[in-house]
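Fold and contact review
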Amino acid sequence: MATQPPAAPAPPSPYSDGHLHARPALRRAALRQPGAPLPLPPGRHTLAFGNGRQAILHVPPQAGGATARPLQLIVLLHGVRQLLGGADDIALAHATRHGALLLIPRSLTDSWDVIRGGYGPDVAFLDRALAWTMRRYDVDAQAVVIGGFSDGASYALSVGLMNGDLFSDILAFSPGFMKPLRRVDRPRVFVAHGSGDLVLPVERGRAIAAQLATEAYDVRYAEFDGAHVVSAPIAREALRRISER
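Residues numbered from 1 in each chain as written. Predicted model: local features only at pLDDT ≥ 70, side-chain atom pairs only at ≥ 80, totals over all residues. Heavy atoms only, no water.

1. Here we look at the sheet that holds strand 7 (residues 188-194)
One open sheet accounts for 8 strands, arranged 1-2-4-3-5-6-7-8; its pairing is mixed. Of all strands in the sheet, those bounded by a partner on one side alone are strand 1 (43-48) and strand 8 (219-224). For this sheet the average axis-to-axis angle between neighbouring strands, irrespective of direction, equals 15 degrees. Packed onto the sheet, helix 5 (residues 202-214) meets strand 7 and strand 8 and runs at close to 160 degrees relative to strand 8. (Pairing = 2+ DSSP bridges. Helix = DSSP H or I, 4+ residues; strand = E, 2+ residues; numbered from the N terminus. Axes fitted to C-alpha atoms, helices over the stretch in contact; angles between N-to-C directions. Contact = heavy atoms within 4.5 Å.)

Here is the structure:
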């Protein structure tokens, strides 16, 4: 009997390196083309993409008008089972007050791809959601922020450090780890953790902040007396920091 040769290995995902391609300049490029995509009106929108992927986009009232200034864009990543620990309400209040876009993508499964084995479908979807937004709004290239809670904080750290040429700041609320494949540029980092966290012990947040400090990142660490949640006062402090650039 003839022996069958082994099957060729599957090619790696084009996003297995964790690199994001979307950039704020996409809006200028889109406007040069006929039929440029139109922005959505102010308010909360559910963006439905192919394969059942979804993201929430909050558009501030200040987004309209021909003379409007470029917008800060905040990307907020959820934890397991799409939990945000209250970060979404705090970020929405900030975005509404300061005229920022708030993008909340949803992972393919109950958490992000790197936690399931490696970068791929969630990086691809994040890139797609960012590109969709950047084609429709004038995003400030110096004010693109990525943040998250719990697993989302770990993912924000990992993706943000790999794409520091895109993200000016990283906000990590109760992270468990960071797993960047490389480091690009030096985004500012804010890490917060509850001293009574029984899900992801506070030592993890402390260690992450300490490591980044030794690597010469501009890192701010804030610890609070609490559990595995987002501290509202500390989250507001983190958001004030990104508005003072």
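2. Some words on the pattern of salt bridges
Summed over all chains, the structure comprises 9 salt bridges. Two residues, Asp-110 and Arg-116, come together in a salt bridge whose shortest N-O distance is 2.3 Å. Look at Asp-110 and you get partly exposed, because its relative accessible area is 36%. Among the charged side chains, a network of salt bridges with common partners joins Glu-203, Arg-206 and Glu-223. (Salt bridge = Lys/Arg side-chain N within 4 Å of Asp/Glu carboxyl O. Buried < 20%, exposed > 50% of the residue type's maximum accessible area, 1.4 Å probe, protein only.)

3. Some details on helix 3 (residues 121-136)
The terminal C-alpha atoms of helix 3, which comprises 16 residues, lie 23 Å apart, in line with the 22 Å expected from a rise of 1.5 Å per residue. Within helix 3, 12 of the 16 residues are buried, leaving the element largely enclosed by the surrounding structure. Those residues of helix 3 that fall on the buried side of the exposure criterion are Asp-122, Val-123, Phe-125, Leu-126, Asp-127, Ala-129, Leu-130, Ala-131, Trp-132, Thr-133, Met-134 and Arg-136. (Expected span 1.5 Å × (residues − 1).)

4. What about the packing of aromatic side chains?
Scanning the entire structure with this criterion turns up 4 aromatic pairs. A centroid spacing of 5.4 Å and a plane angle of 80 degrees characterise the contact between Phe-49 and Phe-125, whose relative ring orientation is edge-to-face. One end of the pair, Phe-49, is in the loop between strand 1 and strand 2 (54-59); the other, Phe-125, is in helix 3, and 76 residues separate them in sequence. Centre to centre, the rings of Phe-49 and Trp-132 are 6.5 Å apart; their planes meet at 85 degrees, and the pair counts as edge-to-face. Placement of the pair is Phe-49 in the loop between strand 1 and strand 2 and Trp-132 in helix 3, with a sequence separation of 83 residues. (Phe/Tyr/Trp six-rings, centres within 6.5 Å; stacked < 30°, edge-to-face > 60°.)

5. Looking at helix 4 (residues 151-162)
Between its first and last C-alpha atoms helix 4 spans 17 Å; for 12 residues at 1.5 Å apiece the expected length is 16 Å, and the two agree. Looking only at helix 4, the buried set comprises Asp-151, Gly-152, Ala-153, Ser-154, Tyr-155, Ala-156, Leu-157, Ser-158, Val-159, Gly-160, Leu-161 and Met-162. Next to the buried residues of helix 4 lie strand 3 (71-77), helix 3, strand 5 (139-149), strand 6 (169-173), strand 7 and helix 5.

6. Considering the nonpolar core
Leu-73, Leu-103, Leu-130 and Ile-146 are the most contacted members of the largest nonpolar core, which has 47 residues in total. The element best represented in this core is helix 3, accounting for 8 residues. Leu-130 has contacts with Leu-20, Ala-22, Leu-73, Val-75, Leu-103, Leu-166 and Phe-167, leaving out every residue within four places of it along the chain. Membership of the second largest hydrophobic core comes to 25 residues, among which are Ala-100, Phe-149, Ala-222 and Ile-234. (Core = buried A, V, L, I, M, F, W, Y, C linked by side-chain atoms within 4.5 Å.)

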